[in-house]
Amino acid sequence: MRQSLVAGNWKMHGSQGMARELVPALVGALRGVEAEIVVCPPFPFLPLASDLLKGSSIALGAQDLHTAESGACTGDVSGPMLRDVGCTWVIVGHSERRAGHDEQDVLVADKALAALRAGLRPIVCVGETARQRESGQALRVVAGQFAALLARLGPGFAESLTLAYEPVWAIGTGVTASPEQAQEMHHRLRAQAESHAQGLGARMRLLYGGSVKAANAAELFGMPDIDGGLIGSASLDAGEFVAICRAAEGMSWNK
Ligand code: PEP
């Protein structure tokens, strides 16, 4: 049984004041929700968000981490530091980091490994660009990103992985992959996980990300291989994010 999961990626948005309004609103509205919910604020707001989430079932995640546990890495943050401030999840390999910080597959895999070693659950992002999809390369590109990850992690660690399929052309654009396009990719990724280790395909949670809104969440999450979503801009709006979480509720029982 895979429980549905919705993670909110605030990206580089927000303030302490915004966190003080948004987080308690989510805690109140999502009490008892039958889905796993994670919020991922920027680093400076993690301790505050951690305090605001105390006693709730909503988990705290970060948006990135360094591969090392500590060291001379100015400006970076390690897995143990994230654990120390209450994180249990971390996003790894988001396309904005792959593009803006030149993060390649091997580094992404090493970050996922560092997260797992620190006791964090990584949500690893994969996805193709518009040009790659238009040239018929989407399946090959995404399979390659996932293969690089699996090769580095080994079967034991792969069990603890959550994968987010996020087509780059759908992130922050308002253009969502159709449920059929998303399902096709998720189905392929699940088959790839299964051929890596027996049973992994059925167990691994696969999220969709890319302009998910309250209006399209239920249709996407209703697809057989989609277990929830990684949500960007809509996670900054309490009403939208709560409605998206509600759309994921109970989906796991159908799959
Ligand atoms: C994201 O940041 O992972 C994302 C999917 O963003 P958005 O929902 O805004 O497209």
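Rules of the game
Residues numbered from 1 in each chain as written. Predicted model: local features only at pLDDT ≥ 70, side-chain atom pairs only at ≥ 80, totals over all residues. Heavy atoms only, no water. Pairing = 2+ DSSP bridges. Helix = DSSP H or I, 4+ residues; strand = E, 2+ residues; numbered from the N terminus. Axes fitted to C-alpha atoms, helices over the stretch in contact; angles between N-to-C directions. Contact = heavy atoms within 4.5 Å. Buried < 20%, exposed > 50% of the residue type's maximum accessible area, 1.4 Å probe, protein only. Salt bridge = Lys/Arg side-chain N within 4 Å of Asp/Glu carboxyl O.

K.L.:
Got a minute to help me understand the sheet that holds strand 3 (residues 59–62) in this structure?
P.N.:
Within a beta sheet, neighbouring strands are joined by backbone hydrogen bonds and run either parallel or antiparallel to one another. Here we have eight strands rolled up into a closed barrel, ordered 1-2-3-4-5-6-7-8, and parallel in their pairing. Taken pair by pair, the neighbouring strands of this sheet meet at an average axis angle of 25 degrees, ignoring direction. In the sheet, strand 4 (residues 89–92) pairs with strand 5 (residues 121–126) via four bridges, with the strands oriented parallel. Among the inter-strand pairings, Ile91 is bridged to a residue of strand 5, identified as Ile123. Its contacts with the sheet put helix 8 (residues 179–196) on strand 5, strand 6 (162–165) and strand 7 (205–209), and the angle it makes with strand 7 is roughly 150 degrees.

K.L.:
What should I look at first to understand helix 2 (residues 46–53) in this one?
P.N.:
Burial in helix 2 covers these residues: Leu46, Leu48, Ala49, Ser50 and Leu53. The elements touched by buried residues of helix 2 are helix 1 (16–29), strand 2 (36–40), strand 3 and helix 3 (79–84). Residue Gly55 follows helix 2 closely and has a positive phi angle near 85 degrees.

K.L.:
So what exactly am I meant to see when it comes to the environment of Ala118 here?
P.N.:
Mapping Ala118 onto the fold places it in the loop between helix 5 (105–117) and strand 5. For Ala118, a relative accessible area of 16% puts it in the buried group. Spatially, the C-alpha atoms of Ala118 and Phe43 are 17 Å apart, while their sequence positions differ by 75 residues. If we ignore the near neighbours within four places in the chain, the residues touching Ala118 are Gly79, Pro80 and Arg83.

K.L.:
Please explain the environment of Ala72 as it appears in this structure.
P.N.:
Take Ala72: it is sitting in the loop between strand 3 and helix 3. Spatially, the C-alpha atom of Ala72 lies 26 Å from that of Leu60, the residues being twelve residues apart in sequence.

K.L.:
Would you mind going over the pattern of salt bridges with me for this structure?
P.N.:
A side chain of one charge can pair with a side chain of the opposite charge if their charged atoms are brought near each other. Tallying each qualifying case throughout the model produces 16 salt bridges. Across the pair Glu36 and Arg121 runs a salt bridge, and its minimum N-O distance is 3.1 Å. Here the residue Glu36 occupies a position in strand 2, and Arg121 occupies one in strand 5, the gap between them amounting to 85 residues. Between Arg97 and Asp64 there is a salt bridge whose closest N-O contact spans 3.1 Å. Of this pair, Arg97 sits in helix 4 (residues 95–100) while Asp64 sits in the loop between strand 3 and helix 3; the two residues are 33 residues apart in sequence, bridging distant segments of the chain. Several salt bridges converge on common partners, so that one network encompasses Arg2, Arg190, Asp225 and Asp227.

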